[in-house]
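Structural overview for review
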Amino acid sequence: MDGLLLIDKQPGITSHDVVDMVRRHGREKKAGHAGTLDPAATGLLLLCLGRATRLQSYLMRMEKVYEGTIRFGWSTTTLDAAGEPVGEAVEASVEGLDLEPHLEKLRGEIDQVPPAFSAKKVAGVRAYELARKGERVALSPRQVRVDEFSILGVEGSLARFRVRCSAGTYVRSLAHDLGQSLGVPAHLEQLRRTASGAFHVDDALPSGALAAAGPEGIYADPHFVPVSRIDLPLRRVFVDPAQEKRLLSGQAIIVKPEGELSRDDLVSVTNLEDELVAIGQAVNVLREGGGPVEIQPRVVLKG
């Protein structure tokens, strides 16, 4: 099968466990996920199958939406509920506090330090491997984008939130940093990914239902999206049959896109049947201001 499988991951299993389950119950050897969820986290996991694995790196770049809870009163070694408590717990009710100024600091383009317990590499070694040995981990901040960080409700020391952010954003770091801004320790208690790009968890198949669904049920609407129908967050350009044939053979084509493209822009190339056939890159802008552009194929999804 060539396409994208939307799975609602249950807690207590890894993202790779879900990949193995799909390989086994869906009888699909070529599979990989487009963005890890921690074992304790739940929600939308995108699995690329067959030729759709060629789109894995592009799907991983899509913005994500999360909902969850932050517990104020103590921090942990991992910045979430999976870690060991750090320091003494304190009374930390946030009811009645004006959280908006503190949330505002964590929105927009921000420099975020990844957690010590993360898959980031330090001198070629995963940070979590060093942290587990008790070694000090010094990670450099990286720029991420947080478009939304809002509080949905507060009860005592617990706050429910929603975050919409760029790929690579650590939500547990946001929870920790919010506590730091308030002057109280905090950690991420629960996390659920509700959306990734145009895909939503409401359309996903629960991971616990994979065995019962079998191949026929797994590859059904709405949780299975054929590769030709995958909606990528890229500008679309349309090609006729002759252009499609050239592109699929690895040759560059000239197109006149709707709107203006710049050199190196990526585009999703769609044929006249409205099928995604390739990812292309603008390698030459022949005329500024919305004129013809030379497109070179980067990922071909047919043949």
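Here, the structure is the one placed above.
These notes cover the structure that comes with them. Bear in mind the structure is a predicted one, so any value in this text is a computation, not a measurement.

Further remarks concern helix α1 (residues 15-25). Residues Ser 15, Val 18, Val 19, Met 21 and Val 22 constitute the buried set of α1. Buried residues of α1, viewed axially, fall in a sector of 160°; they line one side. Where α1 is buried, its residues meet β1 (3-9), β2 (31-33), β3 (42-49) and α6 (210-218). Note on α1: the residue one or two positions beyond its end, Arg 27, has a positive phi of about 55°.

For the rest of this paragraph, the subject is the pairing of strand β11 (residues 158-165). A one-sided burial pattern is seen for β11, the buried positions being Ala 159, Phe 161, Val 163 and Cys 165 and the unburied ones Leu 158, Arg 160, Arg 162 and Arg 164. When strand β4 (residues 64-72) meets β11, the two strands line up antiparallel, connected through eight bridges. Residue Val 65 lies in a different strand from β11, and its bridge partner there is Arg 164. Relative to β11, strand β10 (residues 142-155) runs antiparallel, the two being bridged by eight bridges. Across the sheet, Ile 151 pairs through a bridge with Phe 161, a residue of β11. Connecting β10 to the next strand, β11, in antiparallel fashion are two residues, including Gly 156 with a positive phi near 60°.

The biggest cluster of nonpolar side chains holds 25 residues, and the ones touching the most others in it are Ile 70, Phe 72, Phe 149, Phe 161, Leu 174, Leu 178 and Leu 191. Of all elements in the fold, only β4, β10, β11, α5 (171-182) and β12 (186-196) reach the threshold of two or more residues within this core. Apart from residues lying up to four places away in sequence, Phe 72 is in contact with Ala 92, Val 94, Ser 157, Ala 159, Leu 178, Gly 179, Leu 182, Val 184, Pro 185 and Ala 186. Ala 52, Tyr 58, Val 201 and Leu 276 belong to the second largest nonpolar core, which has 22 residues in total.

What counts as what
By convention here, each chain's residues receive numbers from 1 onward along its written sequence. Where local features are concerned, this predicted model is filtered to residues with pLDDT of at least 70; where side-chain atom pairs are given and counted, the filter is 80 or more; whole-chain, interface and lining totals use all residues. For the side-chain quantities, the full set of heavy atoms in the structure was used; hydrogens and water were omitted. Relative accessible area decides the class of each residue, using a 1.4 Å probe on protein chains only: under 20% of the type maximum gives buried, over 50% gives exposed, and in between gives partly exposed. Under the scheme used here, helices are H or I runs from DSSP no shorter than 4 residues and strands are E runs no shorter than 2 residues, and both carry numbers assigned from the N terminus. Arc definition: directions from the helix axis to the C-beta atoms. Should any heavy atoms of two residues lie within 4.5 Å, those residues are counted as being in contact. Strands pair, by our definition, only if DSSP identifies at least two bridges between them. As used here, the term nonpolar core means buried Ala, Val, Leu, Ile, Met, Phe, Trp, Tyr and Cys residues forming a set that is joined through side-chain atoms within 4.5 Å.

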